[in-house]
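# Coordinate inspection notes
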Amino acid sequence: MNRQGRPTTSGAEQGPTGVVETVSGHQGLALEEPLLYERGSPEMTGVDLPEVPAVTSRLGQMGREGDIGLAGLSEPDTLRHYTRLSRQNYAIDMGVYPLGSCTMKHNPRLNEKMARLPGFTDIHPLQPEETVQGALGLMDMLGHWLKTLTGMPGVALSPKAGAHGELCGLMAIRAALEAKGNARKVVLVPESAHGTNPATAALCGYQVQSIAATSEGRVDLAALKEALNEDVAAVMLTNPNTCGLFERDIINIAEAVHAAGAYFYCDGANFNAIVGKVRPGDLGVDCMHINLHKTFSTPHGGGGPGSGPVVFSEALVPYMPRPLVEWRDGGFTMEETDEDSQSFGRLTAFHGQMGMFVRAMSYMLSHGADGLMQVAEDAVLAANYVMASLSDVMTASYAGPCMHECLFDDRFLKDSNVTTLDFAKAMIDEGFHPMTMYFPLVVHGAMLIEPTETESKKNLDEFITSLRGLVAAATQGDNDRFSAAPYLAPRRRLDETAAARKPILRWSPPPASTTN
Ligand SMILES: *Cc1c(COP(=O)(O)O)cnc(C)c1O
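Residues numbered from 1 in each chain as written. Predicted model: local features only at pLDDT ≥ 70, side-chain atom pairs only at ≥ 80, totals over all residues. Heavy atoms only, no water.

### Overview of the overall build of the chain
- Along the backbone of the chain there are 15 helices and 13 strands.
- Oriented by its inertia axes, the alpha-carbon framework of the chain measures out at about 80 × 75 × 40 Å.
- Buried positions account for 47% of the 516 residues belonging to the chain.
- Long-range pairs, those at least 24 residues apart, make up 68% of the contacts in the chain with a sequence separation of at least 6.
- Accessible surface, the chain: about 26300 Å² in total, of which carbon and sulfur atoms supply 54%. (Helix = DSSP H or I, 4+ residues; strand = E, 2+ residues; numbered from the N terminus. Buried < 20%, exposed > 50% of the residue type's maximum accessible area, 1.4 Å probe, protein only. Contact = heavy atoms within 4.5 Å. Areas by Shrake-Rupley, 256 points an atom, 1.4 Å probe, with all protein chains shown as cover.)

### Side note on the pairing of strand β9 (residues 331–335)
- The buried fraction of β9 amounts to five of the five residues, a majority that puts the element mostly inside the structure.
- Burial along β9 is two-sided: the residues Gly 331, Thr 333 and Glu 335 and Phe 332 and Met 334 are all buried.
- Taken together, the five bridges between strand β8 (residues 324–328) and β9 define a ladder with antiparallel strand orientation. In the sheet register, Leu 324 faces β9, and the bridge partner there is Glu 335. (Pairing = 2+ DSSP bridges.)

### Looking at the site of the ligand
- By nearness alone, 13 residues border the ligand, and Ser 101, Gly 162, Asp 267, His 293 and Lys 294 come closest of all.
- Ala 163 has a polar backbone atom sitting 2.8 Å from an oxygen atom of the ligand.
- At a separation of 3.0 Å, an oxygen atom of the ligand approaches a polar side-chain atom of Asn 291.
- In isolation the ligand has 380 Å² of accessible area, and contact with the protein removes 86% of it.
- Elements supplying a minimum of two residues to the shell around the ligand: α6 (162–179) and α10 (292–295).
- Broken down by element, the shell around the ligand gets its largest block of residues, three residues, from α6.
- Of the residues belonging to the shell around the ligand, the class tally is three nonpolar, seven polar and three charged. (Near = heavy atom within 4 Å. Polar contact = N/O pair within 3.5 Å; in protein donor to acceptor, adjacent residues only side chain to side chain. Nonpolar A, V, L, I, M, F, W, Y, C, P; charged D, E, K, R; others polar.)

### Structural notes on helix α11 (residues 354–390)
- When the terminal C-alpha atoms of α11 are compared, their 41 Å separation across 37 residues is substantially less than the 54 Å that a helix rising 1.5 Å per residue should span.
- The largest bend along α11 measures about 95 degrees and falls at Gly 368. (Expected span 1.5 Å × (residues − 1). Bend = angle between axes of the 7 residues up to and from the residue.)

### Here we look at the domain arrangement of the chain
- Domain annotation for the chain reports domain 1 (1–41), domain 2 (110–364) and domain 3 (370–492).
- Each of domain 2 and domain 3 has a C-alpha centre, and these two points are 30 Å apart.
- Between domain 2 and domain 3 lies a buried interface of about 1800 Å² when both sides are counted; carbon and sulfur atoms form 67% of it.
- Counting the contacts that link domain 2 with domain 3 gives one salt bridge.
- In this structure, the salt-bridge partner of Glu 377 is Lys 277, at a minimum N-O distance of 2.5 Å.
- At the junction of domain 2 with domain 3, the criterion picks out five residue pairs in polar contact (both at pLDDT 80 or more).
- Contributing elements (two or more residues each) for the side of domain 2 that touches domain 3: α5 (133–150) and α11.
- Across the side of domain 2 that touches domain 3, the residue classes tally to 13 nonpolar, 10 polar and three charged. (Domains from an automatic or database assignment. Buried area = accessible area lost by both parts, 1.4 Å probe. Salt bridge = Lys/Arg side-chain N within 4 Å of Asp/Glu carboxyl O.)

### Digging into the nonpolar core
- The biggest cluster of nonpolar side chains holds 61 residues, and the ones touching the most others in it are Leu 146 and Phe 296.
- At the level of elements, α5, β2 (186–190), α8 (221–227), β4 (232–238), α9 (250–259), β5 (263–267), β9 and α11 are the ones that each hand at least two residues to this core.
- If one sorts the elements of this core by residue count, α11 sits on top with 12 residues.
- Counting contributing residues per domain, this core is built from domain 2 (110–364) and domain 3 (370–492), each supplying no fewer than three.
- With 31 residues, the next largest nonpolar core counts Phe 423, Met 427, Phe 432 and Ile 449 among its residues. (Core = buried A, V, L, I, M, F, W, Y, C linked by side-chain atoms within 4.5 Å.)

### Digging into the environment of Asn 459
- Take Asn 459: it is sitting in helix α13 (residues 457–475).
- Separated by 364 residues in the primary sequence, Asn 459 and Gly 95 have C-alpha atoms spaced 8.6 Å apart.

### Concerning the pattern of salt bridges
- As enumerated under the stated definition, the model contains 25 salt bridges in all.
- For Asp 422, the salt bridge goes to Arg 493, with nearest N and O atoms at 2.9 Å. With a gap of 71 residues between them, Asp 422 in helix α12 (residues 420–429) and Arg 493 in the loop between α14 (480–483) and α15 (496–501) connect regions that are remote in the sequence.
- Put simply, Lys 457 and Asp 461 hold a salt bridge, and the shortest N to O gap is 3.0 Å. Note that Lys 457 and Asp 461 are positioned in helix α13 at a spacing of four residues, about one turn of the helix.
- What makes Asp 461 partly exposed here is its relative accessible area of 24%.
- Here the residues in one salt-bridge network are Glu 33, Arg 39 and Arg 84, joined through shared partners.

### Focus on the sheet that holds strand β12 (residues 436–437)
- Strand order in the open sheet made by the four strands is β10-β11-β13-β12, with antiparallel pairing throughout. Among the strands making up the open sheet, the edge pair consists of β10 (395–396) and β12.
- In this structure, β12 lies alongside strand β13 (residues 447–449), joined through two bridges in antiparallel fashion. The residue of β13 that forms the bridge with Met 437 is Met 447.

Here you go:
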């Protein structure tokens, strides 16, 4: 099969994934799309304005002399541009999105409807409190649900993402330790941690010390105990961890951390696996961020909005950031810091991501407490179904059962010339967003699959069948299928490093043509 975009003989002999070179450059109804600037011209406009009457400009020397430099397009051409671009994007609304650690679940439209209610969208954080009692009431209710679900007495809603929540938690821990006279120097982070954990600790002024994992993919309790001393401020642990496994020693870990006078930070990004089933407060956690955009649904990815409220244990409640929503004298109020407060202060200018609070609350209320418990059960069941259905052909990194995501590595590819990257790119040709690749770093060539609770068994079966087909192709030596995949995507293999390191953010017009 020819995969380089051109039929070798006649079009009729094309395989199903053969790509025909077309006159227009379009591929079927998947249209190529240039930039607005390349498509538009200065003579074109989307509006017909009357001639400007002769008036004396009052701008003096401030009047513009040159071209405005904007792309001129008609209204339909503008609309088509954005619609075409949107069709080149893959989204959770298009198909399975098994991106491990990201909890790409269905986002019910009801949440969007609620978040768009004028009482939530048309308000301003500086409005008098008596005019926004409903919004404050919703924040209070969300805080109540988060405290109840986690078994923790305090909550700060203002952090704007998981990573920001980590910073919030560590700042409270730092304030608590400073109040005892010594902020300490070190934060312990397991090898399998998300990159934001060590980054947060470093940003907060701590040295990061890594803790080894056992051959079972869990934190090595003995290594952790050995690393604990009076210099350690906190341990940052993810549970379930990024290998998709429950940290069984968590209570012993919490006891050891507390015995050393340190605090226990839990990265709660994987709360989806245990929501309604386990209360982190019962496990000895001192603070934990919750990614509302993961566990409690909100469209995310691509830099979209996040929200990372943090729950706190009794020990840290005095150090939480302000303001906090309080009920006082028959109404809600935003409680700011007073002089005797031990709070570390404000984390953001205002109160957090209101729209996401509404979405999360809408999601929680429509599921109810029993429904949230079922979320965790179904998410874990789906991941275990995927794991069990693929373990005979792909190499699971650790013995199951797993929690809400399952981890494979590249050992099953060792006799092929196919890498984890090639394999993931071939999934795009199959119509699936790839799983998370090369994370966590504790296994070689990691492939982390998180199906979430919202995929039906039929969807999971299609996904599994495609993956089994790819495994067969890889192990039978069909390297062509992988080496330059994706063949069928609007763009093929991009230089992602150059795109990140040397982004071209400004379009410049091509040099003027000399032939006309
Ligand atoms: C997503 C995630 C984070 C970071 O959350 P953001 O909202 O992206 O900042 C931290 N830890 C883990 C384990 C995660 O999966």
